[in-house]
Amino acid sequence: MIPSAFEYQRAGSVEEAIALKQGAEGDARFIAGGHSLIPLMKLRLAEPSLLIDIGGIPGLSGVSEDGGRISIGALTTHADLEDDAVLLASAPVVAEAAGEIGDQQVRNRGTIGGSLAHADPASDLPAVVVALDASIHIAGSGGERTVAAGDFFSGLFEVDLAEDELITSVSFDAPSQAAYAKLRHPASHFAIVGVAASLTVEGGVCTGARVAVTGASTHAQRLGAVEDALTGSALDDAAIDAASAAADVDDVNADLAGSEEYRRAMTRVFTGRAISAAASR
Amino acid sequence: MTMQATPGQLVGQRVRRREDPRLVKGRGSYVDDMKLPGMLHLAFKRGDVAHGIIRSIDTSAAEAMPGVELVLTGAQLAEIIPPMPVATPFPAPDHHAVTPDRVRYVGEPIAVVVATDRFLAADAADAIEVDIEELPAVIDPERAANGDPAVIHEAFENNLAVPFAPAGTGVNPETLEVEDESALNEAFDNADVVVSQRMFSQRLVPNAMEPRGVIARFEPGNDELTVWSTTQNPHIARTLLAAILGMGQHQVRVIAPDVGGGFGSKINVYGEDFAAAAISRRLGLPVKWIEDRSEAFMTTIHGRDVICYLDLAATSEGKVTAVKMRLVADIGAYEMVLTAAIPTLVAFMISGVYDIPVVRCDLTEVFTNKMPTDAYRGAGRPEGIYFLERGIDMLASKLGMDPAEVRRVNFIQPDQFPYTTAGGMVYDSGEYETALDKALENAGWEQMKADRDAARAEGRLVGLGLSFYTEICGFGPSAAMPSVGLWEHGSVSVERDGKVRATTGVSTHGQGHETTFAQMLADEFSIPMDDITIVHGDTGQVRGGTGTFGSRSQVVGGTALLLATAKVQDKMRRFAAPMLELQPSDLSFKDGMIGPTGQEDTGVPFVDVAAFAYAPVPLPPDTEPGLSDEAFWEPEGFTWPFGCYISQVEIDRDTGELELQRFVGVDDCGNVVNPLIVAGQIHGGIAQGVGQAITEEAVYDEESGQLLSASFMDYAIPRARDLPRFELDHTVTPSPLNPMGVKGIGEAGTIGSTPSIVNAAVDALSGHGVEHIDMMLRPEKLWRLIQGGDA
């Protein structure tokens, strides 16, 4: 639990952070809340030579809403998401999922940008941003760019982020009806399986569905067959059962908390629970 | 609810713990808080494979690092200190502080680095290169017992640490030979019902809040060694350190400052402690080692890990006629101080609270490539009570009897005490039916059953579990552990200003002795608690002691202190008598006065007698000046608290997640000094039992021998949100074996709660044909049973 030696520098702006990263020799890493990186460093599974602390950069924190479009600064902590008035009113699914992360101490430090960039296969927020079809706003030496959340996560701890890039914010349209349901790991409180569902319902018929799972596989991903089954349905129990039965992913994780078979079954169970919760919002 | 402390009537009151303000405000003083001039830091290079032969160690890169003062391999350290001590009667393999030749569990120390700071020491340990020829990892104890897939210690054929240790009916306790099987055979031949079940009390990690730590300071000028340690028992630590270092006990002082929990895991003196002391002596400088949490998971003793093949014979009325347990204990790679003794305690528990004519427990202990086991909260008693109480519940289920009633017909009756079990244990006192009835009433047992049945009718998986425990507390007498001795020591000094300084040989690390013992003394002297200091945890200040474990502090330590207090009171009476022109025997203590019994307010102030004792003009005849005395005490037998626990659980049909919805308990630990502290002990104990039942299991990979549950990311100790509000009550059946009639409560909750919860889980799944489920009750395991498969 004693990390290797490392250098530490504090960035005052996004530009400075990027410049520090570009100029660094060896393995430089951005750090904000540190609640993913520091545990790895203590186990010497990560041994960065330089930590660039972006946690104090002004203007990267907070939630705002403009014309139905919600924007969350990358440095917003899980605890702030959990209690945010805008989210509770317009996108409670985000507050709900954030409140399920770890414990209070973790939520007080961990940030949404850090969680998405780290892309732990069992973290909660990736499923939520994918289901909300969020945009991930990125800054780097080549300027700014935006990636759709569905394209951002590509594998185990793999995301569409270059070495000198960092996430600045996440934005999405306020969902009509969305919910998150999770099987909590008894020790870490990570998701053994977590499912976010966002539904559009018109006249009792589901006209649009985005459903995403985390914890089940290498990375958060959409459950396309579920979405297809839901679209056009009346969202009654039979339709939800049929749709959740279609939930399936490849490369299913297996560990002490759940075998592949159990995770597949739980993916179906929590898909059903997330859809039911969203449908009744 | 907390009562204001009032002199003369504190025992029995919910007095708040005096140590808490210091501890919760961060003003405690733990080993890691201490810094000594010139102090160096240790880090250990540890093996990362479960089993292998060390072919070479290259320490040159570590030694070349600036700030690294010394690197010692296991072989080099073995030239300075002998193998570590073992206090059980069984043969044990050599166990070196740092292994010289072979690694036998993941995390075993291979070399030690001494450096000017802790970070540098860790870097240097990382820089040591070790070439290990891997051997197959021995993980399954039942395979291990056939020497499969490898033999861990050459002198122990088939990995058998204890090949066969029988106990109970027909066994000669002197020779440990089975002399007569007839009673056992007859009981099973004539049984109306036989219950047979393989069960497992799984391996657990103790997880004290404060990990282990040590500072050793050898002073070359006077050849004295002082060790600050996270120990539960500084005097035992002193004995062991002195023996291994070849020093006299007069040259060694062990100090346990504030210690953040132990649960038995800090009884041992570990390799790191011996290494630190030896290195300090070699360098003539103080050295410090603080365990990190990863090391705590891998290299602090584990608990439990006992398989039981239970056979229980009974009549069709539910009367148990015989219990047989065949045990396979997986003790890990080596024997620590008490390792091999812990599973033998299971046999002591085999009768539980029942009048069972024939009992038999056959024990085999096996080496595997895991961290050694040793005492963990309950130590043998949770295993024994769990196996028995599961068996009793299976009997009830087989006969269609209410689990309360099957217990009732088997209880030892109050007029049978002192009761000698078929296995030779002598129980001091008990009123089991009273506790059972109180628990049933408090729980609303009949209503609970009706509610459960109604929930079942809705398709919900609700289950009820009931269990009853007794356990062994107050360890002494010394005959129970002759290698150590199980007495306790107390001393009391009334200073010349009337303030009291008392010492105790038990060493609090969360138990609240600074409060409970002060309550006792305040009542005896009838002075305010604030005038009393309880000194503990320092062999330099406390003349004698054994330590805090086995729920013995109040029973043995408390009694020793009470006896020392009585001696000082006698002296005070002798000083007060001439001041009042009365006989000493006429005098009593009341509200800060010493005076004629019933009219103490007409006597002399306590403080005046204290002052007079230190300037006695004239000195009363046959009296020494001063007010100080001491007492050694050991009980003549164990105390046996007991209780009844009722659980209600609901299992999520879709996920297998188990929710503990209600927990009703009635405990009887005899007379109670401080109900608040007793409740705290019960709460913590139950929480740890809930942990074993539902969330905790130390799992080693069957192939690689790696510890898979090696951090709090994978190993779940229960959190507040996992627990319901405990509905607790008590009965009071005093022990006749000590003057306060106390029994001990530190481990009861852990011992009694696991069978209650598992019984409830089995009840919940009874509709799925489930008769038994091994702990921990993993959601996936329960889900598979609900799906109709095997766990």
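Here is a short report on the structure shown in this document. Residue positions are given per chain, counting from 1 as you read along its sequence in written order. Key to labels: chains lettered from A, ligands numbered from 1, both in the order written. Given that the model is predicted, a residue must reach a pLDDT of at least 70 before its local features are reported, and side-chain atom pairs must reach 80 or more before they are shown or counted; all residues, however, enter totals for whole chains, interfaces and linings.

The next subject is the overall build of chain B. Numbering of helices and strands runs from the N terminus, with a helix taken as a DSSP run of H or I at least four residues long and a strand as a DSSP run of E at least two residues long. Within chain B one finds 20 helices and 30 strands. Note that the radius of gyration is over C-alpha atoms, with the globule rule given as 2.2 Å times the number of residues to the power 0.38. For 791 residues, the compact-globule estimate of 2.2 N^0.38 gives 28 Å, and the C-alpha radius of gyration of chain B, at 27 Å, lies within 12% of that figure. Seen through its C-alpha atoms, chain B measures out along the principal axes to roughly 85 × 70 × 50 Å. In this description, any two residues whose backbone-derived C-beta atoms lie within 7 Å of each other are considered to be in contact. Taking as baseline every contact in chain B between residues at least 6 positions apart, the subset at least 24 positions apart corresponds to 78%.

Moving on, we get to the overall build of chain A. Secondary structure summary: chain A contains 12 helices and 14 strands in total. The C-alpha radius of gyration computed for chain A amounts to 19 Å, which stays within 12% of the reference 19 Å derived for 281 residues, consistent with globular compactness. By principal-axis analysis of the C-alpha atoms, chain A measures approximately 60 × 45 × 30 Å. For the exposure call, what matters is how many other C-beta atoms sit within 10 Å of a residue's own: 20 or more marks it buried, 12 or fewer exposed, and in between partly exposed, using C-beta atoms placed from the backbone. In chain A, buried positions account for 49% of the 281 residues.

Moving on to the sheet that holds strand β11 (residues 177–184) of chain A. Within a beta sheet, neighbouring strands are joined by backbone hydrogen bonds and run either parallel or antiparallel to one another. All names here are of chain A. When DSSP finds at least two bridges between two strands, those strands are taken to pair. Taken together, 4 strands build an open sheet; the order of strands is β11-β12-β13-β14 and the sheet is antiparallel. Each edge of the sheet is formed by a strand with only one pairing partner; in this case those strands are β11 and β14 (221–222). Inspection of the sheet shows strand β13 (residues 205–214) paired to β14 by 2 bridges, in the antiparallel sense. Note that in β14 the partner of Ala212 across the bridge is Arg222. The strands that helix α5 (residues 92–99) touches are β11 and β12 (191–202); relative to β11, the one it contacts most, it runs at about 10°. Here an angle of 0 to 180 degrees is reported between the N-to-C directions of two axes, which are lines fitted to C-alpha atoms, with helices fitted over the stretch in contact. Relative to the sheet, helix α12 (residues 260–279) contacts β11, β12 and β13, its axis offset from that of β12 by approximately 35°.

The next thing to look at is the sheet that holds strand β10 (residues 166–173) of chain A. Residue and element names in this part refer to chain A. With respect to topology, 5 strands assemble into an open sheet ordered β4-β5-β10-β6-β7, the strand pairing being antiparallel. Of all the strands in the sheet, the pair left with one neighbour each is β4 (63–66) and β7 (143–148). Shown here is a sheet whose adjacent strand axes are inclined to one another by a mean of 25°, direction ignored. Pairing of strand β6 (residues 135–140) with β10 involves 5 bridges; the strand directions are antiparallel. Pairing of Ala139 across the sheet is with Leu166, part of β10.

Residue and element names in this part refer to chain A. Sheet topology note: the β4/strand β5 (residues 69–73) ladder contains 4 bridges and is antiparallel. Bridging across to β5, Glu65 finds its partner in Ile70. Here β4 folds back onto β5 in antiparallel fashion, the turn holding 2 residues, of which Gly67 has a positive phi close to 60°. Here 5 bridges tie β5 to β10, and the two strands are oriented antiparallel to one another. Bridge pairing in β10 places Ile70 opposite Phe172.

On the side of chain A, 15 residues touch chain B, which itself brings 20 residues to the contact. Counting only elements with at least two residues in the side of chain B that touches chain A, the list comes to α4 (118–127), α9 (293–299) and α20 (779–786) of chain B. In terms of residue count, the dominant contributor to the side of chain B that touches chain A is α4 of chain B (4 residues). Basically, the charged four are Asp, Glu, Lys and Arg, the nonpolar ten are Ala, Val, Leu, Ile, Met, Phe, Trp, Tyr, Cys and Pro, and anything else, Gly included, counts as polar. Per-class residue counts for the side of chain B that touches chain A are 9 nonpolar, 4 polar and 7 charged.

Residues and elements named next belong to chain B. Across the interface, helix α18 (residues 675–695) lies against helix α19 (residues 748–764) with an axial gap of 7 Å and an inter-helix angle of 40°. In terms of axis orientation, α18 runs oblique to α19. Read as a crossing pair, α18 and α19 show a hand that is right-handed. Judged by residue contacts, Gln681, Ile682, Gly684, Gly685, Ile686, Gln688, Gly689, Val690, Gln692, Ala693 and Ile694 of α18 engage Ala748, Gly749, Thr750, Ser753, Thr754, Ile757 and Val758 from α19. Any angle between 65 and 115 degrees counts as roughly perpendicular, while under 35 counts as roughly parallel, over 145 as roughly antiparallel, and the rest as oblique. The handedness criterion is simple: a crossing whose near helix is rotated anticlockwise from the far helix by less than a right angle is left-handed, and one whose near helix is rotated clockwise is right-handed.

Turning our eyes to something else, we now look at the environment of His118 of chain A. Residues and elements named next belong to chain A. With respect to the helices and strands, His118 occurs in helix α7 (residues 112–118). A residue is classified by how many C-beta atoms lie within 10 Å of it, and His118, with 18 of them, is partly exposed. Between the C-alpha atoms of His118 and Phe157, which are 39 residues apart in sequence, the distance is 6.1 Å.

Moving on: the nonpolar core. The nonpolar core is taken to be a set of buried Ala, Val, Leu, Ile, Met, Phe, Trp, Tyr and Cys residues joined by way of C-beta atoms within 7 Å. With 337 residues, the main nonpolar core has Val128, Ala196 and Ala197 of chain A together with Leu42, Val113 and Ala761 of chain B as its most contacted residues. Ignoring sequence-local partners within four residues, the contact set of Val128 of chain A consists of Val93, Val94, Ala97, Tyr180 and Ala196 of chain A.

Our next topic: unusual backbone geometry. All names here are of chain B. Residue Phe417 is joined to Pro418 through a cis peptide bond whose omega torsion reads -5°. Note that Pro418 resides in the loop between α12 (403–408) and β18 (419–420). Pro477 follows Gly476 through a cis peptide bond whose omega is 10°. Summarising the element assignment, Pro477 is placed in the loop between β20 (461–470) and β21 (488–494). Despite not being glycine, Glu581 shows a phi value in the positive range, around 55°.

Before going further, it helps to examine the pairing of β7 of chain A. All names here are of chain A. Across the 6 residues of β7, 0 count as buried, placing the element largely on the outside. Relative to β7, β6 runs antiparallel, the two being bridged by 6 bridges. Along β7, the bridge assignment pairs Gly140 with Gly143. Connecting the antiparallel pair β6 and β7 is a turn made up of 2 residues.

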